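A structural walkthrough
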Amino acid sequence: MTIANSADNVHDLIARRRRERDRIPRHPVPASGVPVSSTQERIWFGEMFNPGFGFYHVPATLRLRGPLDAAALDRALCEVIRRHEILRSTVEEVDGMPVQRVGDAPASVLRSVDLSSVDLGSDPEAGLDVEAEAARMAADDILAPFDLRHGPLWRALLLRLGPDDHVLVLTFHHIVFDDPSFGIVGREIEALYGAAGDGGDGGDGSAGLPELDLQYTDFSVWQRERLRTEDVRSRLVDYWRRTLDGVPRLLDLPSDRPRPPHRRRAGRFHRSRLSGDVVAAVRAVAREEGTTPFTVLLAAYGVLLSRYAGQADIVTAVPAAGRIRPELEALVGCFINIICLRLDLRGEPTFRELLRRVRHASVEGHDHEEMPFEELVRELHPQRPQSHTPLFQAGLGVRDNDGVFLNLPGVRASEFVPDVEVSHFDLMVDFSVDGDGMAGLWGYNDDLFDPATVEVLAGQFALLVARACGDPDRPVGDLSLPPAPRLAEPGTGDTEIAAAVLAERVRLTPDSPAVTAHGFSAGTSSEGAVTLTYAELDARAETLAPAVRRGAEPPAADSPDPAVWRYAHLKADALDGRTASTANTSAAPIAGLASRIGLGAADTVLTFAPPVSGAFTGAMLLALLHGAHLVTAPPEAARDAGRLRELVAGATVVHAPPAAWRLLLRDGLPADRPLTALCDAAATPPGLARELAAAVPTWTLYGESWASAHRVDPLAEPRRGVPLGEPLPGTPVEVVDRAGRHGATGATGVPGEIHVHGTATGDRGRTLPDGSVELLGRFDRMFTVGGFRVDTDELARSLAGRPGVAEAAVDVRHDRLAAYVVGEGIDPGELTAHLPEYQVPGSVTVLDSLPRTADGRVAHEELPGPDAPADEGGHVPIQGGTEETVAGIWRELLGVEEIGASDGFLDLGGHSLTLARLSLRYEVAFGVEVELPDLLRHATVREQAALVDERREQAGLTGNPTGKEAAS
C-alpha cells in the first residue's frame, strides 16, 4: 500500500498541530513484550484469518547494475536491523492478545545465489534464461510465508545474474514495515554502505548515524494510551460516526463472478499509464483549485466508481502515512493507516464542484487520521463481513517515486518486477511517477474480476481524467465514456414475413403433422392428444381470424387452439394490411435460431410455455416456419415426472422450464434419441444450464420474443451475470445508459438497461469487452436490505442452483430477505458457506409451486408471508450441552446475558481480539483447536457448537464439557 498525496494545506495543518503536541516518551520493553499497535492488530488478525496468501508481504525488488560490494551491503542491512528494534521483533499470542517481543541483532542477513553459472538449459524453445529464473526465484521468496511467532519477519535475497548485474529482493512482513519505511531503510543503507567502503564509519559500523530517540514499541504504548484518553477518542469517534453515518455497506461494482462467502484467491495486478499530457492537465486543474494531483485523480475515480456501481454516495480508502508526529518520521515500522473518505456525487455536480467536495473530505479526513481503521470498525460496529472489507471495497493512492529507493555509489538501480500478484481489496489503484506521466497499478480481487474487465476500467479512467480536466465545469454525469463495442449484427437473410412463410408451408406439406396438443379432457382422443395437420391448422386459423379481429381472448392451454389462435393473428393482421403488430413479424430471427441449432422439417419441437407468452410464439414459429412438428403441453406437465418422460421421448427439440430439466436430469435424459435443450436465459440457473449442457446441446434464449441465443459451455466458469450470446438476425440487443443521456449506448462494463430493437426491457445488463451482452437482473428487483443492495433475481438464480431446489424466488419482507423454494428446502445456516452473509435469506418457505403470471414470470405479489426463522420474538433458545457451554463463554467474554442460538458473536459486540480469546477459551474448554477463520465462517452459537462437536468427534473425545469447565 502506498501513501496518498494530500493537499499542501492538509500537510500545513497537520504539521502545525503536530508541533503543538508533546513528544512521545520512551518506554522500556519488558521480557513479556508490549501490546501491538492498532494497525499491527488489524494485520495480525488478517494474517490469522487468511494465512498463506501473502496479503501482508511488503516487497521491493531492484535491478542493480554496476560493481556491487555484497559484503558491505550485508553489513549495512545488519546495522539497519540493529538500529530499528521493530525489525528484530516477533509477534505472538498471549492470553488471546498479540504482543511484540524484541530479539537480538543478526550477524548476517543477505542470502546470495549466483545464477550466472547455473545451467538453465540450452533449448531456445524452452524460453529459460537467467532473468526469467531470477524473476521466478524473487516471486517464490516474496510469497514464502513468515512465522510471526519466531521470526525473522524480513528476508534479503541477492541474485547474481552477471559480474556487475544483480537483483536485490527485500521482503518484510507488513506487521513490522510499511511502504514509507523503504525510504528510511534506503537512506540508511546508502550512508552505511558508503561509509563501509571509505572507512568513514568510525569503526562501529554506524557511519555517524545518530542513535534513534524512539523505537516502534514506544509508539505502540503511546498510541494505546492516547486512544484511551477521553477527549482524543471522543473527538475522533464523533467525527467518523457523523461522517460515515448512513453510508452504503457495499460498493456494488458489477463483478464478473458472484462474490464468494470468503476470499479464495490472492488477487492480480493490471498495469496502466497516464500520459504526460493527461498528467499535465491534472496538475493544471490542481493548481487552479489549490489542491494536489491526488485529489483530482480521486475525484475522477469517484466518478468512475459511481458509474459502475450506480451509486452517488461512495466510500473510498485512502492510505495515510500514520506518522502523525515528527519524531516518528525516522522510524521503520507499520504506521500506515486507512482513511475512509466519503465522496458525494449527489445532485449532478460539475467536476470542479466535485473536486472541491473531495478536497474538503480529504482535509477533514486527514485531520482525523489518528483514528486507526481497526478501532473505527470496532466503534462503528458495522456488520463484520467475511466476503469483503468493512466500510470500503475500493481505494486509490499516489506516491512520488518510481519504486527505486536505493542509490549506491557506482551502481545504477532500476525497478525489477517479478510475477507476484497479491491484492487485498476488491479494487485498489496505486499511481506513481513515470517520467512525465504516471504509472498505474490496479490491484484487484480475481475472485470477482476478469483481467479484461480491469483493463477496460483502467482505459476508461484515463479517458475520464482527460475529459474531466479538459472541461472541469461540465456536470460529471455528462463526462462520457466511449460506447461499448457491438457484435457484428448477423445478416437478416430471408426477410420474408412469417405469415407468408407459413402459407407456403401449408401449400407444400398440407398433410404433415403441424401441431399436437396434450393434456385436454378425456374422450377427445384415445391418447389424450389432438394433432392437426398443416392444412387443418390453416383452416381453423382462417375460421378463427374474424374473432381475433374482434379481440377474442386466447383459448386454454390444454387444447390445440393456442397455436391456431396465434396463427390466426398472423393471418388476420396480414389480411387487414396492418403495418404493426404481428403483420410484420419477420421470419429472419427464428430462421437464424433454426440454423444455429440445426433444426429442420424432420424435427419435433416440444414446449411447455404459457399460450400468451412470447416464448410460446417463438416455439410455434420455430417449428412451423421450418415444416417441423410442434407439440404443446400445459405448463403443469413440466412438474410431473411420468408425463414429462413420455412427452420428451418423442421430441428432438425441447423448450422447458428449469423444474422440468431438473426432473429429467434426475431421472436420466433419453439416451436413445438426440435432444436439443432450449431454456429461458433469465429463469434458468447457470449451474443447471451447465449441467444440462454436459448431457445435451443446450441453448439459452433471451427475451419475450427470443432476441438472442447462447450456446452453453458446460466447462465455463460460473459468472455473476447471464451471457446472452449473439443477437438473432434482425433483433439488435444493446445496453443503453438508463439515465437517458442522449440515448447513448452504455460504456463497456457499465450497467444500463437492455434494449431490444430500440425498446426498453426493464432488464439490467452490461456489455462485455468482446461486445456481447450480459444480463444482470431487473431494475425492479433491486432492493437495499440492511444497507446492502441485493438483486433478488440474481440471488434466486443462486438458490435454484443448490441441491434439492427445483425453483426459487426471493422477495423482501419486513426489511428481510425471504426465499421461496420448490423442492426439499434449504437450511439458511448452510448457505453461509456458499453466499456472502448479506445475501443469506432470513427465512426459507417451501412451496409446491411458484405462482406465475400468464407470461410465465414469478408473481411476487402472490407469494405468501415468509416462514418465521424463530419464535415471534426472533430469539432461538439455547438447547443445552455444547450450545450452553459455548453461550456461557460468550457471556463472559462479551458481557451479554441474553444470548440465543442464532445470535452472532460479532453482532453482539465481538471483535478481532475477543475472537482470538474465544479461540483460546474453546481450546481450554473443549480440548480441541478452533481456528479464527472457522470462527468467522461459523458465526452463531449453534454453528460454533456444531463445529466444536465435529472437532471433538474427529479427535476421539466424548462427553460434553460443563459450563464450569468452560470457565476454568
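The structure this text deals with has already been given above.
Residues numbered from 1 in each chain as written. Predicted model: local features only at pLDDT ≥ 70, side-chain atom pairs only at ≥ 80, totals over all residues. Heavy atoms only, no water.

With respect to the overall build of the protein
The helix and strand inventory of the protein stands at 26 helices and 33 strands. Put simply, the protein has 968 residues, and 57% of those count as buried. When the accessible surface of the protein is totalled, it reaches about 38,800 Å², and 50% of it is carbon and sulfur. (Helix = DSSP H or I, 4+ residues; strand = E, 2+ residues; numbered from the N terminus. Buried < 20%, exposed > 50% of the residue type's maximum accessible area, 1.4 Å probe, protein only. Areas by Shrake-Rupley, 256 points an atom, 1.4 Å probe, with all protein chains shown as cover.)

Points about the pattern of salt bridges
Per the counting criterion, the structure on display carries 63 salt bridges. Linking Asp436 and Arg273 is a salt bridge whose minimum nitrogen-to-oxygen distance equals 3.4 Å. Linking Asp436 in the loop between β13 (427-434) and β14 (437-444) with Arg273 in strand β8 (residues 268-274), this pair joins segments that are 163 residues apart in sequence. The partner of Glu374 in a salt bridge is Arg378, with the nearest N and O atoms 3.4 Å apart. Within this pair, Glu374 and its partner Arg378 are both found in helix α11 (residues 373-380), separated by four residues, close to a single helical turn. Residues Glu374 and Arg378 agree in their burial class; the two are buried. (Salt bridge = Lys/Arg side-chain N within 4 Å of Asp/Glu carboxyl O.)

What to know about the pairing of strand β32 (residues 816-823)
The buried fraction of β32 is high, at six of eight residues. Sheet analysis places strand β31 (residues 805-813) next to β32, joined by eight bridges and oriented antiparallel. By the bridge assignment for β32, Val812 is matched with Leu817. Between β31 and the antiparallel strand that follows it, β32, lie two residues; His814 among them carries a positive phi value of about 55°. Bridge analysis of β32 against strand β33 (residues 843-847) gives five bridges, and the strand direction is parallel. Across the sheet, the residue bridging to Val821 is Val846, located in β33. (Pairing = 2+ DSSP bridges.)

As for the pairing of strand β21 (residues 698-702)
β21 sits mainly inside the fold: five of its five residues count as buried. Here β21 shows no split at all, with Thr698, Thr700 and Tyr702 on one side and Trp699 and Leu701 on the other all buried. Pairing of strand β20 (residues 676-680) with β21 involves four bridges; the strand directions are parallel. Across the sheet, residue Ala677 finds its bridge partner in β21, namely Thr698. You can see the chain leave β20, run along helix α20 (residues 686-693) and come back into β21, and the turn it takes is right-handed. Judged from the four bridges that link them, β21 and strand β22 (residues 708-711) form a sheet pairing that is antiparallel. Note on β22: the bridge partner recorded for Thr700 is His710. Adjacent in sequence and paired antiparallel, β21 and β22 are bridged by five residues, among which Gly703 carries a positive phi angle near 95°. (Right-handed = clockwise from strand over helix to strand, strands pointing away.)

Notes on the sheet that holds strand β16 (residues 529-533)
As summarised here, the arrangement of the nine strands in space is β16-β15-β18-β17-β19-β20-β21-β22-β24, forming an open sheet in which the pairing is mixed. Looking at the sheet topology across the chains shown, the edges are occupied by β16 and β24 (726-727). As paired strands, strand β17 (residues 604-607) and strand β19 (residues 653-655) are joined by three bridges and run parallel to one another. From the neighbouring strand, Leu606 faces β19, where its bridge partner is Val654. Docked against the sheet, helix α17 (residues 614-624) engages β15 (513-518), β17, β18 (629-632), β19 and β20, running at close to 150° with respect to β18. (Contact = heavy atoms within 4.5 Å. Axes fitted to C-alpha atoms, helices over the stretch in contact; angles between N-to-C directions.)

Here we look at empty space enclosed by the protein
What the rule picks out here adds up to nine cavities of 30 Å³ or more. By volume, the largest cavity is sized at about 570 Å³. Listed by contribution, the elements that provide at least two residues to the lining of the largest cavity are α2 (38-49) and α11. Broken down by element, the lining of the largest cavity gets its largest block of residues, four residues, from α2. (1 Å grid on protein atoms, 1.4 Å probe; cavity = no way out; pocket = protein on both sides within 12 Å on 5 of 7 lines; lining within 4 Å. Points joined across faces, edges and corners; volume = space filled by probe spheres on them.)

Quick look at the environment of Val876
Note on placement: Val876 falls in the loop between β33 and α22 (882-894). Expressed as a C-alpha distance, the spacing of Val876 and Asp903, which sit 27 residues apart in the sequence, is 8.2 Å.

Section: unusual backbone geometry
The linkage connecting Gly151 with the following residue, Pro152, adopts the cis geometry, with an omega of -10°. Inspection of the secondary structure assignment puts Pro152 in the loop between α4 (130-143) and β6 (154-162). Positioned with a positive phi, Trp706 is a non-glycine residue whose angle comes to about 55°. Mapping Trp706 onto the fold places it in the loop between β21 and β22. Positive phi is not limited to glycine here, since His757 has a value of about 60°.

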